[in-house]
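# Coordinate analysis (summary)
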Amino acid sequence: MPRAGCGMLPTPRDADPAGHTTMNDKADKITPRAEDYPQWYQDVIREADLAESAKVVKGCMVIKPYGYAIWEKIQRDLDARFKATGHSNAYFPLLVPQSFMTREAQHVEGFAPELAVVTHAGGEKLEEPYVIRPTSETIIGHFFGKWISSHRDLPMLVNQWANVMRWELRTRLFLRTTEFLWQEGHTAHATHDEAMHEVLKMLGVYGDFAEEMMAMPVIRGIKTASERFAGAVETFCIESFMQDGKALQAGTSHDLGQNFGKAFDVKFQAESGELEYVWQTSWGVSTRLVGGLIMSHSDDAGLVLPPRMAPIHAVIIPIFKNDEERSRVMEAANRLAKALGDIDISEPRARYRDFLEVRIDDRDMRPGAKFYHWERRGVPMRIEIGPKDLEKGQVCLKMRVDGAAGTGKQFLSEAEFLATVRTRLDTYQADLYAQALRRRDERSVTLDTWDQFLDVFKGEGSTFAWCHWDGTAATEAAIKAETKATIRCVPLAGQGPAPEPGRCIKSGAPSAQRVLIAKAY
RNA sequence: CGGGGCGUAGCGCAGUUUGGUAGCGCGUUCGGUUCGGGACCGAAAGGUCGGAGGUUCAAAUCCUCUCGCCCCGACCA
């Protein structure tokens, strides 16, 4: 069966009259993005061996080792950033007394439909059911109440890495699963100003992380009331642009005001001697980030990873025809791998060391099959070493995605290669960011008429649309009802087009600035 | 919860209309030959056909009841 091919790569075997191929007719194929984007997304995850649906547990996923390694990269870097901003990790129970969930009115209302409840344990019906945490504001509020009594106890800055469960009706690997992994930061402060400062600081941490480490450009903004976290006074977010034009909320940071302080009676004695409720914040990112990473950079040949998120940076493919060549080539491969593995590729500002991860693929397979194997997994660099290279003292280098500078295989001396590896990875990282940013900006539009709007969002259509909005929930709901597009955020200063007055795209009422509208995951 | 679809080997499927005791491709295992873009030959392992009940000499196939999953709509990091 002749295959459609893998994007820009030549597939000579397509011409094989016998139709021989090692490809499974359906299972190994990556559907092109243009043909079926959601199917492409699933194919990339399967072929890169990142995760699979748990099947036996509705809506849940198994994160496989290679996918989990990416999550570990995310965790390690964010954790260091949280520590650097003064936060400490802690851990709170998975189960939350049901009565806790009902203390804050908006919070119950928002989460009630998606709670899983434990009613029986130890063979008996529980006196009070537990809910499996959909988030931990309530139980942490309870403990903050016990821990905080004086302004000297503030600020309280904790974070927890945990799993949570939300009974979603429709799930997608990484983007929305019933159970997911995340971190949730929870802080308490003496003043609203201080809490607001925290909220924005952590939004900044998320934005920097997304752009510097994931090479994923984001828009920082404020959620509208209807998109706000249940129980928050204000929700801030980072929104990223996926290749199909949809938006992904990649992180949120909430100003909780005194809502949970009042619900859980978290009071402190101020310097003045007065008892006051604390001002709280919470902020989180989840395994959804992995989905965002996939959709930001990957192509029709499979996963593409920025080096700072890649569990493996380089793979060496030995090439030989017989045992004599094999031993010579393997010796050179081992030597090169050792040298590469010693290269420190740490991000300059990071508080941890990062060394280049390299693998030698010595499996008994054709080299071509190995090329495809590692390409699908998004490994940034491939190095081929064969007898010809040994003769010439060179290595053959192929980057997973060809930068603007050149395409295809490059041949360079081993010394030159080793000396430039670090730079090449940094350039590659920067190129992926630039490409993602260009893609987003080229496809962002400013719209001024409802007809234009309908044209953009008809059917499955979506892109980043900057539009005037009259600020009312009614208009927002009308836009969503008619087009499925939603207001992703009101951009913070410098995050969208410069503010200019105009008229609402839907109602025609006056508006002070444009907001970001798109369909969302 | 409504509408649609599907459960047969690890994966993808055929077989069901017209009952006759399960097959194909890929993968896997073993042996050999191969190896600069998805190799080939030979041998082998692997299935109580989602489950329960019924009809029949005989059920993957017909009947009844169940369970599960996927897709589409209403909610969401």
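Above this note sits the structure.
Attention in this report is confined to the structure presented alongside it. (Residues numbered from 1 in each chain as written. Chains lettered and ligands numbered in written order. Predicted model: local features only at pLDDT ≥ 70, side-chain atom pairs only at ≥ 80, totals over all residues. Heavy atoms only, no water.)

## So, the overall build of chain A
Stated precisely, the cut-off is as follows: Note on conventions: DSSP H or I runs of at least 4 residues are helices, E runs of at least 2 residues are strands, and numbering of each starts at the N terminus. The quantity called the radius of gyration is restricted to C-alpha atoms. Its globule counterpart is 2.2 Å times the number of residues to the power 0.38. When checking whether two residues touch, look at their non-hydrogen atoms; a contact exists if any pair is within 4.5 Å. Here the accessible surface of atoms and residues is derived via Shrake-Rupley with a 1.4 Å probe, and residues count as covered only by protein chains that are part of the display. Only four residue types enter the charge count, namely Lys and Arg as positive and Asp and Glu as negative; His and the chain termini do not. By convention, charge coordinates are those of NZ in Lys, CZ in Arg, CG in Asp, or CD in Glu.
Assigned secondary structure in chain A consists of 14 helices and 25 strands. Relative to the compact-globule value of 24 Å for 521 residues, chain A shows a C-alpha radius of gyration of 26 Å, a close match. Overall, the C-alpha framework of chain A stretches about 85 × 55 × 50 Å when taken along its three principal axes. Contacts spanning at least 24 positions in sequence make up 69% of the contacts within chain A whose residues lie at least 6 apart. Of the roughly 23500 Å² of accessible surface on chain A, a fraction of 52% belongs to carbon and sulfur atoms. Charged side chains of chain A number 65 positive and 72 negative; the gap between the two group centres comes to 3 Å.

## Re the sheet that holds strand β16 (residues 358-360)
Sheet strands pair by backbone hydrogen bonding; their relative direction is either parallel or antiparallel. Stated formally: Paired strands are those between which DSSP finds at least two bridges. To obtain an axis, a line is fitted to C-alpha atoms, over the contacting stretch when the element is a helix, and the angle between two such axes runs from 0 to 180 degrees between their N-to-C directions.
Strand order in the open sheet made by the five strands is β16-β15-β17-β18-β19, with mixed pairing throughout. Here the strands that pair on one side only, and so sit at the sheet edges, are β16 and β19 (410-413). Neighbour-to-neighbour, the strand axes of this sheet turn through a mean angle of 25°, independent of strand direction. With four bridges joining them, strand β18 (residues 394-399) and β19 adopt antiparallel strand pairing. For Cys396, the partnering residue across the bridge sits in β19 and is Phe411. Against the sheet, helix α9 (residues 323-341) engages β15 (314-318), β16, β17 (381-385) and β18, with an angle of about 170° to β16. Its contacts with the sheet place helix α12 (residues 414-443) against β17, β18 and β19, and it is angled at close to 130° to β19.

## Quick look at the nonpolar core
We apply this condition: Buried Ala, Val, Leu, Ile, Met, Phe, Trp, Tyr and Cys residues that are joined via side-chain atoms within 4.5 Å together make up what is termed a nonpolar core. Relative accessibility thresholds used throughout: buried, under 20% of the residue-type maximum; exposed, over 50%; partly exposed, between the two (1.4 Å probe, protein chains only).
Residues Leu50, Ile74, Leu78, Phe174 and Ile294 are the most contacted members of the largest nonpolar core, which totals 57 residues. Residue contacts for Ile74: discarding those within four places in its chain leaves Phe209, Leu289, Val290 and Met309.

## Side note on helix α10 (residues 367-376)
Along α10, the residues that are buried comprise Lys370, Phe371, His373, Trp374, Glu375 and Arg376. On its buried face, α10 is in contact with α1 (37-47), β15 and β17. Of the residues flanking the end of α10, it is Gly378, one or two places downstream, whose phi is positive at about 75°.

## A few points about the side chain of Thr138
Positionally, Thr138 belongs in helix α5 (residues 137-147). With residues up to four places along the chain from it excluded, the contact list for Thr138 reads Val96, Phe100, Met101, His107, Phe260 and Phe264.

## A short note on the packing of aromatic side chains
Short version of the rule: Whether two aromatic rings pair depends on their centres lying within 6.5 Å, for rings of Phe, Tyr and Trp, where Trp uses its six-membered ring; planes under 30 degrees apart make the pair stacked, over 60 edge-to-face, and the rest tilted.
For the structure on display, the rule yields 16 aromatic pairs. Their ring planes at 90° and their centres at 4.9 Å tell us that Phe241 and Phe464 sit as a pair that is edge-to-face. In this pair, Phe241 is assigned in strand β10 (residues 234-241) and Phe464 in the loop between α13 (450-457) and β21 (465-468), connecting sequence segments 223 residues apart. Taking relative accessible area as the criterion, Phe241 reaches 7% and is therefore assigned buried. Overall, the relative accessible area of 1% leaves Phe464 in the buried class.

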